[in-house]
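Inside the fold
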Amino acid sequence: MLRVAVVGAGAAGLCAARHVLSRPGCFAPPVVFELSDSVGGTWCYDERAGTYDSGRPVHSSMYRDLRTNLPKEVMMFPDFPFDPQLSSFLPHQEVQRYLERYCQSHGIRPHIRFNTTVESVKPIVVTAEGEEERTAWEVTSSDLSGRQKTETFDSVFVCSGHYSDPHIPHIPGIEKFTGTVLHSHSYRFAEPFSGQSVVVLGAKASGLDISIELAKVGAQVTLSHRRPRLTFPLPSGIRQATSVEAVDDKGRIRFQDGSVTEADVLMFCTGYNFRFPFLDAAQLGLEIQDHMISPLYRFMVPPAFPSLFFIGICKIICPFPNFNCQVQFALAVLAGSVTLPTRAQMEDEVRRELQVKLERGVQHRHLLILDQDQWEYCNMLSRSAGFSPLPPVIRSLFEEVHQQRQIHPGNYRKLNYRLISDTQWELID
Ligand SMILES: Cc1cc2nc3c(=O)[nH]c(=O)nc-3n(C[C@H](O)[C@H](O)[C@H](O)COP(=O)(O)OP(=O)(O)OC[C@H]3O[C@@H](n4cnc5c(N)ncnc54)[C@H](O)[C@@H]3O)c2cc1C
Ligand SMILES: *[C@@H]1O[C@H](CO)[C@@H](O)[C@H](O)[C@H]1NC(C)=O
């Protein structure tokens, strides 16, 4: 019986626990470590930002009025639908409720240790009599009183999320800016910004969404980004600007095209860094940077330690379906039904794959974006581990919504969909 530790009880950790529990012949019940006192991770909205009374940083980056940017039909774990009564694009509370229900129906809760932070995860070599040397994992955790405990596991699933540690690009002269500086991680709702002039940096999901929220309460928004000018209709309170280059001596924000503006607020919607304070990257043969972890075979496995699994580090994916595939693949590896290549072969393959992407012109910080590659990635995992692939309707609807979002960023969420079969969806009113 293999003993598995899971770090985090967000969607990825719950998914890992669910599948471990469904293979009782092979795995002991998992131990899920969760630093907060609830499940759901990102989806667990907290009005507070910054740090808790305990001094611990607030994990969730959720804002009050967020609605999902994927319809529930593609967001769901493929084997666990959302409530059919609900509309397709959900307020975050509904996703939180869904994850609680997932936890409940799979009997995961008794296996979660809440209020418990994983402090370190270390490989150790064990030799039992008459056995070959093998790697085990020492997991040290601490409870709220600071009491530490070290336990040994056969495998560790890292499910600690990567939308908590704000990425803030360096802006020369930023110390001369006298207004408020914040990152979307700490943004909760728009009202305090009413009537203010806000420069939003970054026009990806959060930058665009938050700009629209701010414009609705009468903020003057300058949406600064380095992409080609957005051509879809934006609310009248939003104007676009090129990327921010510096803050000048008068405290004004200067853009790349030379124009300047005064602003009350500078809001970084510039994404997040990977951060695993409980891992020693060098010891694991890994390099962990702001936007990259490498080498990871199949974006999951450090070749030097094939019983450690990172779940959910890819970007621009259907997160829950992707986690579901990764977890099933990882458990097949542990159970021995999938044999991994040798360390050298895995390192080679990762190096080659990244090289191909770089040659295609993909920037280093975008190497973990899967986007269109996510379907083949999930298919490949399902083929090698022998579980059912994602039905093609997920891809089809994901792509449809992607298009709608480009055309109507402000109101694509009004549409409702229904899955009719493994290959077809329909629009409903
Ligand atoms: C603003 C925002 C909007 C999003 N919108 C969507 C959307 O519409 N649709 C969608 O599908 N996805 C969306 N996502 C992506 C979302 O992150 C994923 O859906 C999913 O919730 C990620 O789950 P996770 O388990 O990987 O990480 P998380 O949800 O971050 O969970 C990680 C858990 O690990 C715990 N943890 C961390 N470190 C430790 C430690 N050392 N010890 C113990 N526990 C630890 C944390 O407390 C947390 O509970 C959004 C993300 C953000 C930030
Ligand atoms: C976690 O700690 C908080 C704060 O001390 C406490 O209120 C809560 O009951 C604890 N939760 C669990 C499940 O232990």
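None of these values were measured; they are calculated from a predicted model. (Residues numbered from 1 in each chain as written. Chains lettered and ligands numbered in written order. Predicted model: local features only at pLDDT ≥ 70, side-chain atom pairs only at ≥ 80, totals over all residues. Heavy atoms only, no water.)

**As for the nonpolar core**
Core analysis: the largest hydrophobic core is formed by 123 residues, its most contacted members being Phe-157, Leu-214, Met-267, Phe-310 and Phe-320. Considering every element that reaches this core, the biggest residue donor is helix H5 (residues 319–335), with 10 residues. Mapping this core onto the domain boundaries places at least three of its residues in each of domain 1 (4–164 + 272–392) and domain 2 (174–268). Other than its neighbours up to four places away in sequence, Phe-157 contacts Val-4, Ala-5, Val-6, Val-7, Ala-16, Phe-309, Ile-311, Ala-330, Leu-331 and Leu-334. Counting residues in hydrophobic clusters, the runner-up holds 12 residues, among them Ile-171, Val-244, Ala-263 and Leu-266. (Core = buried A, V, L, I, M, F, W, Y, C linked by side-chain atoms within 4.5 Å. Buried < 20%, exposed > 50% of the residue type's maximum accessible area, 1.4 Å probe, protein only. Helix = DSSP H or I, 4+ residues; strand = E, 2+ residues; numbered from the N terminus. Domains from an automatic or database assignment. Contact = heavy atoms within 4.5 Å.)

**Points about the packing of aromatic side chains**
Overall, the coordinates contain 22 aromatic pairs when judged by the stated rule. Seen in terms of ring centroids, Phe-276 and Phe-278 are 6.2 Å apart; in terms of plane orientation they differ by 85°. Their pairing is edge-to-face. Like Phe-278, Phe-276 is buried. An aromatic cluster of at least three residues, connected via ring pairs, comprises Phe-77, Phe-80, Phe-82, Tyr-98, Tyr-102, Phe-320 and Phe-323. (Phe/Tyr/Trp six-rings, centres within 6.5 Å; stacked < 30°, edge-to-face > 60°.)

**Section: the site of ligand 1**
Around ligand 1 sit 31 residues in total, of which Ala-12, Glu-34, Thr-42, Trp-43 and His-59 are the nearest. With respect to ligand 1, the side chain of His-59 contributes an N or O atom lying 2.6 Å from an oxygen atom. Residue assignment for the shell around ligand 1 shows that the elements contributing at least two residues are helix H1 (11–21), strand S4 (117–126) and H5. Top contributing element to the shell around ligand 1 by residue count: H5, with 3 residues. Across the shell around ligand 1, the residue classes break down as 17 nonpolar, 13 polar and 1 charged. (Near = heavy atom within 4 Å. Polar contact = N/O pair within 3.5 Å; in protein donor to acceptor, adjacent residues only side chain to side chain. Nonpolar A, V, L, I, M, F, W, Y, C, P; charged D, E, K, R; others polar.)

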